[in-house]
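# Chain and residue survey
Here are the chains, one letter per residue:
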Amino acid sequence: MPDGINGGPDDGPALSVEGVSKNFGGVRAVAGVSTAVRKGEIFAIIGPNGAGKTTLLNMVSGFYKPDEGAILFRDRDIGRLKPNEIAELGIARTFQNIALFRGLTVLDNLMLGRHVRLKSGVFSSLLYWGPAQKEEIRHRRRCEEIIDFLKLSDLRKTPAGALAYGLQKRVELGRALASDPTLLLLDEPMAGMNQEEKEDMVRYVLDVSIEWGTTIVLIEHDMGVVMDISDRVAVLDMGEKISEGTPDEVRADPKVIQAYLGTAH
Amino acid sequence: MADFHWGFFLELVVSGVLIGLMYSLIALGFVLIYKSTDAINFAQGEFVMIAGIIVGACMASYGLPLWLAIALSVGFMVVFNVGLERTVLRPMIGRPIVAIIMATIGLAALLRGAGPFFFGSGTRALNLPIDDAPIIIGDHFIYLNPIHLLGAVAAVLFLLGFGWFFLKSRKGVAMRAVADSHQVSMAMGINVQRYFALAWVMAGVVAALGGVIWGSLLGVDTQLAVIGLKVFPVVILGGLDSIVGVIVGGIIVGVVENLAAGYLDPMVGGGTKDFTPYVLMILMLMFKPYGLFGKPIIERI
Amino acid sequence: MFHRESGYYKTTYKGDMALYPLPVGRWSVALIGVLFLVIVPLFLDPYYLSILCLIAIAIVGALGLNILLGYTGQISIGHAAFMSVGAYTAANLITKLDWPFWLAVPSGGIMAAAIGVLVGIPSLRIKGLYLAIATLAAQFIIEWVINHTPAISGGVQASIEVPRPVVFGETLDREIELYYFLMAFAVIAIVATMNLVRSRVGRAFIAIRDQDIAAEIIGINVFRYKLYAFAISSFYAGVAGVLYTYYLSIANYEQFLIVVSIDYLAMVIIGGLGSVLGSVFGAIFVTLLPVVIRIFMDTFGAFFFDPVILAQVTAQFRLILFGALIMFFLVVEPEGLNRLWLNIRNYFRIWPFSY
Amino acid sequence: MADARTVPALLLGNVETRPQKPAIREKLYGIWETWDWQGYADNVRACALGLRARGFGKGDKLAVIGDNRPHLYWAQLAAMCLGGSAVPVYQDSIARELAFVLNHAEAKVVVAEDQEQADKILSIREDMPALELLVYSDPRGMLDYDEDILVAFSDLQDEGRAAEGDFEALCREVAPGDIGLICYTSGTTGQPKGVLLSHENLVRTAEIYCKAEDVREGDDYLAYLPMAWVGDSLYGLCAALMVGSTINCPESPETLRRDLRELSPMGIIAPPRMWETMLSDILVRANDSSALKRRVFAYFRNVAEQVETCRVEDRDIPSGLRLRYRLGEFLVYGPVRDQLGFRRTRWALTGGAPLGPDTFRFFRSFGVNLKQVYGSTEVTGVISVQPDGQANPDTVGPVCDGVTVRIADTGEILVKSPGVFNGYYKAEEATQEAFDEEGWFRTGDAGLMDDRGHIVVIDRAKDVGQLSDGSAYAPQFVENKLKFSPYISEAVSFGDKRPFICAMIAIDLNTVGNWAERQALAYTNYMDLSQKPEIYELVRSEIERINRGLPEASRVKRFLLLGKDLDADDAEITRTRKLRRSFIADKYADVIEAFYSGGTSVELRTAVTFEDGREAFIDNRMQIQDAA
Amino acid sequence: MRRLDKLLFGAGLALAAAGAATSAGAAEIVIGLQCDRTGPTQIVGTHLCPGYHDYVSLVNSRGGIEGHTIKTIEVDHEYKVPAGVEAYALHKKEGAVLISLYGTPHTQALTQKLTEDKIPGTSPGFGTAAAANGENFPYIFPIAASYWSQAAAGLEYARTQLGGDLKGKKIAYIYYDNPAGREPLPVLHKLRDELGFELTEFAVPPPGIEMSAQVLDITRRYRADFVLSHLFGRAPSVSMKEFKRAGYPLEKVLGFVWAASEADIAAAGGFDRVEGYSAMQFAGVGSDYPVLDEIRAMYEADGKDVPEVMASTVYYNRGVFVAAIHLKAIENAIKAKGSADITGEDVKNGFEQISGFTLGGLVPPLEITGFDHEGGGWVQVFQVKDAKFVPVTDWFQGYRGAVVELLKEDASRQ
């Protein structure tokens, strides 16, 4: 496992979350969570169902606004930004329930993932020939590299909705990668996959981390996978962070064991 | 504005309230369907029209008594709406709302052709046994229009009836469950499709009654369908899924229309009557899209 | 059986992303081009040309609505109102400032786009039914404003007569000249739409339609793009309105009432949502439907109906069929005529196989 | 100008005569990226100089492993230009095989396509003392490898571009007699042998081939056959260099059929298996289509058959039939060819093994100019090609210009040609055995010349045996007849010194599976399907049909259906899908015993090797049945 | 795919059928008839067009005009302008020498084309009032009282009802809030200034199904002495009921020509409920005209029932009226030309010679000239009395001078 690369010198966090809380009509989904994700690492967030993992991720990607606290990305509070502004800063994510553009081809899904890197406006789009075309070609190339990377080349012109579940998840990863993110948020990337698909996905996640040095935050239920690939793990329970550390540290933490066995409280 | 008469103002308001309640009656059918099936019925006006035409045709062409004509019309609407739900709306469950809107727009066109095709294109009178003479109360110039009064009373009775139905009766409670979540209801063993059909049946009955009341006001032919356009401001102002909202929305629309015609028209020299509720509606959409009594929809990823 | 696609490999992305990457596509387009630009106008009676003119205008309008409804998923029941905005804008500019067509047409479009953006603003917060009703309200409000503003409508009659367009010093007053004039705009609209939907902006539209939340999270400014969609859609509508004005020599708000909006919705749905070709099919279909029914009833109607009531039945029959077709397509073939065409094309594309 | 009889000379010639013409393409990132001859040569140059800087020189061996990629071709050429030899190896070889070949060849440099191949090489690095450099062309996943021998192809080229050196001069130093290519034949017995092919062999044979077959400048050639096969070097690399045609590398093995359709090469070479798969694919698809399409297809297939019969029998085609054939060309043949990717194809070759006459006729009747070619690694691939108009399924055509063939008294085919090799690498004895006393190369094939002077290949000479009653028994002949059945994928026959012929048969999972589906026959896997009584019945009827077309002595009397297809990974067949008879005879000794002892079933313990190298045993009781 | 096989076959059949549906060549005189049998104003089209057809059939059954049959090609345009334009192109292709238009927007849209193609079109009782000026609109023939003439006549009638003088009287003008509804305003304003009465306008926005506020205003705040009601579609019947319910005497309400048909009365609840309501008509109302007897006789001779639509005399009679004027113009044209080979221009001239053609009282004493295409702006007021329409005036014109002045003013503005 590529510990050597990710455990490199720490020059400030890629993402830090400071005392973030979120309430939904009186229910405290996330309560004062603070943590920091280092550059280039694979950071897993685990916890029982309803622990607030996805809510936290949703706040980072801007879908929810935190009620309290700050989310710092590149020394900038992004807690109040709109999702599309956050995406422009270089944060990409995948969804727990696949949210592909089903009618579009795999390639178009990736091109959409690259939306923030393109500049064409309405007029050049209507005209097409000229700058818009040049831009399309330039970025198509990059998307093709990702298609090649994810071994999707024989599917590039297949509508995403027609693909098998595992492949759709892969395409979604591709769509997130297409924006050349510096921070990649993966919400249960392996959920619902069979063993083989999981292994493939693990491979791709690791390759992304290695090849491009992308910082990866992932939520995952498969403990085996989490412990295998993450550099560090944070554990949430009932909206609060109860533990954080390397996989081994977390595994040994009695609070984590309690939360998972449900004996506490 | 120079000469403001309280009496005139009151008359406008009172007649607006009555008319508004009659609008509510039409809008009720719309809300019933939306509340229980999430479907949007742009053909509500055409339902009213077809029901009215049937009553008119039964009475004029076959000389049936009013009650029998109404019964036949209600019967037809029930059968028609059950068939409609089976063939058109059920296959469209789960499709985008836009598709259902368009389907009912298509249905509206079909009904506008089918009404005269089957029942003749002439205009017929639909006279209720009510005197036209105004009821003038006291010496305050307040006058009540008997047919408006009847319509308003019928509307209120209906609205109260449905309010009770949804709150108290078992079927009504089940329907509300269906409206809240189709999946959950199915899991609870509620036959969702039966309740969908029931909603359409109830909408058909309401439309039939609306057809009688509005038909007696306007006469019956395809033109009766234009009443359907009044539905939208009513439901948007009141809230799409609220029966109280329908009453309040209807009253707002009726009163605002009347006040606009009474006070705004002379100032701008144009018919602002139908236009003001729409402006009001737009404002409502901008600032409180789910209406006065509607539930907002929460989005999730 | 005519289709050949092997051996046309692409060595550049430009070639791969061409509108018609295969010669069979290019040849078909060329053939249709020759048919409609040379053969049809030479051999057809002006009556048929007039139908084609109406179709050409309808294509522009339908494409606009399809961009909004079919590609971006935002419903509008006020499309005809945007057409009237374009029509009156151009009519005023033409009669008061003597503007030539090449200024008047885009101006009408731009004014309609501006109003369209205004109407689209609620789309930030509302969707589906609410938006449908908001656009319906826009239809009524625009109608009312035009109707009650003599400065726009040109007086009590709310109609402004405009002279025929002048192109290269030639006044277009023959049907065939107008045909070319209108066809040119239809072609421009088709090509522009195809370009739009295959590039960045169009993809963003589709993303909003398919998954608006995901679209926002991958970095699409959903609100801005919805407004773009409204603007572009209304621009097309406005241009279609100007074209009507030129074709009829008059701007009159009564030709842009809500029934026209519904006709356009029908075109887009019957033709196929989210398909350029579908809009063309839809425009042809809805324009021709009454004509075909009339021809059919003139020919065969007497077998079924008493001649005394035939005309009456024909008219009602058309309405019934119109409504039934909309419902049919929505229930049975939601992808519309375009899907039928694709099925036919695929039938031959994979001939003699089935996959 | 360098001596024109070397590969580098051809390369330089192309740069001179057609620098801007396309030389090689790769379907990469969704499009066919193209290099012209100038760019092609520049890449070879950079690679060569890079290798030279790393100490690669005359007589050194460079192995390439991977799917057909421009980089790997360039690497081979670079080795040749430096006076070294290229050793292409099968990309799907398992580590053990690879270790033998690379070690035997003393490969100094290995160019691997990607991480997968590089991993394989690294896993056997210890066994290869000669290995100095491992070049990888696809850097994907290679970032955290720190082995000292690793270098990226692009880095190597950069080094080459930076290095001093006169590439043209180096090329000129290459002599025609230098060994340019070492092809390891996947011997059907024992270990593979390295066939030494000189530049002269390559160039002259390419010349012969290009004269015999219509290869033109600008033609597209789809390079999808294994690079280790001599044909890829000759029909692809060398022929392209000879006439200036273009090599096209498909995107990946999975996309081959689509890439073929996209490209539609002017000429294609494919093994019989591929033609057979294509045919069954066509028939299945035709069968699955709508009634109208099915009828049209069946009708015009019949028309085509009639026309083809006329052609074969040299009769005039009746004008009515001719007209219908023309219509069929529009309605069926043209579209079918387009579907397969043969729209532009002028000729198509099959070789290496006999092709079923039905398949052969089908393609010919549908307008694919399918012909047979005959050759072997030891003669650089070409002995005979059927010229246009003389194609038939029974012969392999007349001997090419420049090649001489003689049939020995033993019936063995003997060859002399400029392509005859320079011996097996480090196998003096074997080399000796390969030639007779007059210096003719012994092909090892038994055959004869028909009256038109076409070669007819019967079987491997050493395999031809006798039944116990003395009648001749050519196993491959029998097996081929069996394999012509669409339901049979592989067959192994026994009969030498036995009273009658028996056969082990591997069913074709595709066609039989399809058949089972149509019969509503449920099955779980290959094993389950193969042991169904219905399938036995199906195959029996097939065998009986085939038997009727065979002389009494060659008829199959008993058979068994194998529970799995024969597999190169299990060493039952070679990578070019030739049977390894002695291995099979050992492995299936029980079966043979049961065949002749009259048993009706046999317990079969099969050792299977999984893709990851693990081995397992599967026990199954297999039935043996009689065929009339 | 199997489905598609059938579909293709079906498409082939349909094409073959379309090919068969070509029209036969016509030696007849062709008239284009635009109708509105569906759409918002269908109540008109469904009654007027049968009347038109019946009169043409009557003439044809008698051997046509000077021995030439008349062929009418009807197109229903659903009150949509594009469909109307398409219909016009069809009529032009079929060689129509005269177009019967329907719909104000359609008339406006086609005015320029008609003028260019020199084909006269008629717009009886609707369209631009200024088109009555034949010098300005050579090919548009209102042939009946325009909105201006109707307004003037309405005031004239009000004058007689209010004791012979309008000065100081309160007149309410309740109108449909669309261009057609506003069209009479110039005349009303001009005459208000000249005659010194008080005028208040009440707009009813389409579709006008609810106007209690306006009626309340007229009756209880403004307290009008007389009401001119210019409404369309469903609105007239609503207005009748509202006035009745407001206790306003219906005798003091005068409808314009589109505000009182049998259908409107029926919609308002029937003749017995709107006793006293009166309206202007540009063609005779009731069954009591010789030409109607002849049509009935024609049906009876064919052994057919007399069609129901004939009972709806307001629109049916208008259909007969329009057809009669049309055929008269054609007759004039043929007589002038001496052959049936007439053009639109000939028919235009034919119109301009119509004079004294009253058809037993169904048609007003029109006098169409090169200047006056409405033929004088004649109306007759019919009132609901004893459950039927009863004429309460003879054919009359109102303030003709003022209307002509306006026509000339309009022409000078162009």
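Description of the structure in this document. (Residues numbered from 1 in each chain as written. Chains lettered and ligands numbered in written order. Predicted model: local features only at pLDDT ≥ 70, side-chain atom pairs only at ≥ 80, totals over all residues. Heavy atoms only, no water.)

In this section: the overall build of chain B. Helix and strand counts for chain B come out as 11 helices and 2 strands. Written out in order from the N terminus, the α and β elements of chain B read α-α-α-α-β-β-α-α-α-α-α-α-α. Computed over its C-alpha atoms, the radius of gyration of chain B comes to 20 Å, within 12% of the 19 Å expected for a compact globule of 301 residues. Once the C-alpha set of chain B is aligned to its principal axes, its extents read approximately 65 × 55 × 35 Å. When the 301 residues of chain B are sorted by exposure, 60% land in the buried category. In chain B, of all internal contacts separated by at least 6 residues, the share reaching a separation of at least 24 is 73%. On chain B, roughly 11,200 Å² of surface is accessible, and the fraction owed to carbon and sulfur atoms is 71%. One finds the centroid of the 16 positive side-chain charges in chain B at a distance of 18 Å from the centroid of its 15 negative side-chain charges. (Helix = DSSP H or I, 4+ residues; strand = E, 2+ residues; numbered from the N terminus. Rg over C-alpha atoms; globule rule 2.2 N^0.38 Å. Buried < 20%, exposed > 50% of the residue type's maximum accessible area, 1.4 Å probe, protein only. Contact = heavy atoms within 4.5 Å. Areas by Shrake-Rupley, 256 points an atom, 1.4 Å probe, with all protein chains shown as cover. Lys, Arg positive; Asp, Glu negative; His and termini not counted. Charge placed at Lys NZ, Arg CZ, Asp CG, Glu CD.)

A count of helical and extended segments in chain C gives 15 helices and 4 strands. Taking 20 Å as the expected radius of gyration for a compact globule of 355 residues, we find that chain C reaches 21 Å, a close match to that expectation. The principal-axis extent of the C-alpha atoms belonging to chain C is close to 65 × 60 × 45 Å. For chain C, the residues scored as buried account for 64% of the 355 residues in total. Looking at chain C as shown, the accessible area adds up to about 12,100 Å², and 72% of this sits on carbon and sulfur atoms. Separation between the mean location of the 20 positive side-chain charges and that of the 19 negative ones in chain C comes to 13 Å.

When the parts come together, some accessible area is lost, and that loss is often what is quoted as the size of the interface. Contact with chain B, which involves 48 residues of that partner, is made by 42 residues of chain C. The junction of chain B with chain C conceals about 3,700 Å² of combined surface from both sides, 83% of it contributed by carbon and sulfur atoms. Ranking the residues of chain B by area buried against chain C places B:Met102, B:Phe117 and B:Phe275 at the top, with a combined share of 16%. Joining chain B to chain C, the criterion identifies 1 residue pair in polar contact (both at pLDDT 80 or more). (Buried area = accessible area lost by both parts, 1.4 Å probe. Polar contact = N/O pair within 3.5 Å; in protein donor to acceptor, adjacent residues only side chain to side chain.)

To continue, consider the packing of helix α6 (residues 170–180) of chain B against helix α8 (residues 192–218) of chain B. All names here are of chain B. Orientation of α6 relative to α8, taken along the N-to-C sense of each, is 110°, at an axis distance of 10 Å. Considering the angle they form, α6 stands roughly perpendicular to α8. In contact with Lys-171, Ala-174, Met-175 and Val-178 of α6, α8 contributes Val-192, Arg-194, Tyr-195, Phe-196, Leu-198, Ala-199 and Met-202. The residue inventory of the contact of α6 with α8, partitioned by class, reads 9 nonpolar, no polar and 2 charged. (Axes fitted to C-alpha atoms, helices over the stretch in contact; angles between N-to-C directions. Parallel < 35°, antiparallel > 145°, perpendicular 65-115°, else oblique. Nonpolar A, V, L, I, M, F, W, Y, C, P; charged D, E, K, R; others polar.)

So, on to the state of the cysteines. Residues and elements named next belong to chain E. For the coordinates displayed, the defined rule picks out 1 disulfide over all chains. A sulfur-sulfur distance of 1.9 Å marks the disulfide that ties Cys-35 to Cys-49. Negative torsions about the S-S bond denote left-handed disulfides, and the value of about -120° found for Cys-35 with Cys-49 makes this one left-handed. With a gap of 14 residues between them, Cys-35 in strand β1 (residues 29–35) and Cys-49 in helix α2 (residues 42–61) connect regions that are remote in the sequence. (Disulfide = S-S within 2.5 Å.)

Chain D puts 35 residues into the contact, and the matching count from chain C is 22 residues. Between chain D and chain C lies a buried interface of about 2,500 Å² when both sides are counted; carbon and sulfur atoms form 56% of it. Among the residues chain D hides against chain C, the three largest losses belong to D:Ile31, D:Arg285 and D:Lys293. Together they make up 26% of the total. Our count for the contact surface shared by chain D and chain C stands at 1 salt bridge. Salt-bridge contacts for D:Arg261 lead to C:Glu5; the nearest nitrogen and oxygen are separated by 3.7 Å. Across the chain D-chain C interface, the total number found is 16 residue pairs in polar contact (both at pLDDT 80 or more). Of all elements in the fold, only β1 (22–28), β2 (31–36), α10 (256–263), α11 (272–288), α12 (291–312) and α13 (319–340) of chain D reach the threshold of two or more residues within the side of chain D that touches chain C. Ranked by residues supplied to the side of chain D that touches chain C, first place goes to α13(D) with 9 residues. Among the residues forming the side of chain D that touches chain C, the class breakdown is 17 nonpolar, 7 polar and 11 charged. (Salt bridge = Lys/Arg side-chain N within 4 Å of Asp/Glu carboxyl O.)

Per the stated rule, a full pass over the model turns up 14 cavities of 30 Å³ or more. Reported here for the second largest cavity is a volume of approximately 350 Å³. Around the second largest cavity, the lining is made up of 22 residues, and of these C:Asp263, C:Val286, C:Thr287, C:Pro290 and E:Lys80 lie nearest the centre. Going through the elements one at a time, α3 (46–71), α12 (258–271), α13 (276–304) and α14 (307–331) of chain C together with α3 (81–93) of chain E are the ones with two or more residues in the lining of the second largest cavity. Take the lining of the second largest cavity: its biggest share by element is 5 residues, from α13(C). (1 Å grid on protein atoms, 1.4 Å probe; cavity = no way out; pocket = protein on both sides within 12 Å on 5 of 7 lines; lining within 4 Å. Points joined across faces, edges and corners; volume = space filled by probe spheres on them.)

Residue and element names in this part refer to chain C. Take Val-105: it is sitting in helix α5 (residues 101–120). The exposure class of Val-105 is buried, given its relative accessible area of 3%. Along the sequence, Val-105 and Ile-176 sit 71 residues apart, while their C-alpha atoms lie 20 Å from each other. Excluding anything up to four places from it in sequence, Val-105 contacts Phe-185, Val-239, Val-242 and Tyr-246.

Below, the discussion takes up the sheet that holds strand β8 (residues 215–219) of chain A. Residue and element names in this part refer to chain A. Sheet architecture is open: 6 strands sit in the order β6-β7-β8-β3-β9-β10, paired in mixed fashion. Edge positions in the sheet fall to β6 (91–93) and β10 (240–245), since each of these pairs with one other strand and no more. In this sheet, neighbouring strand axes are inclined to one another by 20° on average, regardless of whether the strands run parallel or antiparallel. Bridge count between β6 and strand β7 (residues 183–187): 3 bridges; the pairing is parallel. Each bridged residue has a counterpart across the sheet, and for Ile-91 the counterpart in β7 is Leu-183. Sitting on the sheet, helix α7 (residues 165–177) is in contact with β6 and β7, with an inclination near 155° to β7. (Pairing = 2+ DSSP bridges.)

Before going further, it helps to examine the pairing of strand β5 (residues 109–112) of chain D. Residues and elements named next belong to chain D. Alternating positions in β5 separate into two faces, Val-109 and Val-111 on one and Val-110 and Ala-112 on the other, with burial throughout. Looking at chain direction, strand β3 (residues 61–65) and β5 are connected through 4 bridges and run parallel. Paired with Leu-62 across the bridge in β5 is Val-109. Relative to strand β6 (residues 133–136), β5 runs parallel, the two sharing 4 bridges. Across the sheet, the residue bridging to Val-109 is Leu-133, located in β6. Once the chain exits β5 it traverses helix α5 (residues 115–123) before rejoining the sheet at β6, and the crossover so formed is right-handed. (Right-handed = clockwise from strand over helix to strand, strands pointing away.)

Before going further, it helps to spend a moment on a negative patch on the surface. Residues and elements named next belong to chain D. Where like charges cluster on the molecular surface, the negative patch consists of Glu-116, Asp-119, Asp-144, Asp-146 and Glu-147. Residue placement: Glu-147 occurs in the loop between β6 and β7 (150–152). Among the residues examined, Glu-147 registers a relative accessible area of 31% and is labelled partly exposed. (Patch = residues over 30% accessible without salt bridge, like charges linked within 9 Å, V, L, I, M, F, W, Y side chains within 5 Å.)

Further remarks concern unusual backbone geometry. Leave glycine aside and you will find that most residues have negative phi; peptide bonds, for their part, are mostly trans. With an omega of 0°, the peptide bond between C:Trp351 and C:Pro352 qualifies as cis. With respect to the helices and strands, the residue C:Pro352 is situated in the segment after α15 (336–349). Of the consecutive residues E:Pro206 and E:Pro207, the connecting peptide bond is found in the cis state with omega at 0°. Here E:Pro207 is to be found in the loop between β7 (198–204) and α8 (212–222). Phi is positive for A:Asp180, which is not a glycine, with a value near 50°. Within the secondary structure, A:Asp180 sits in the loop between α7 and β7. Judged by relative accessible area, A:Asp180 falls into the partly exposed class, the value being 30%. One non-glycine residue, D:Thr380, lies in the positive phi region at around 60°.

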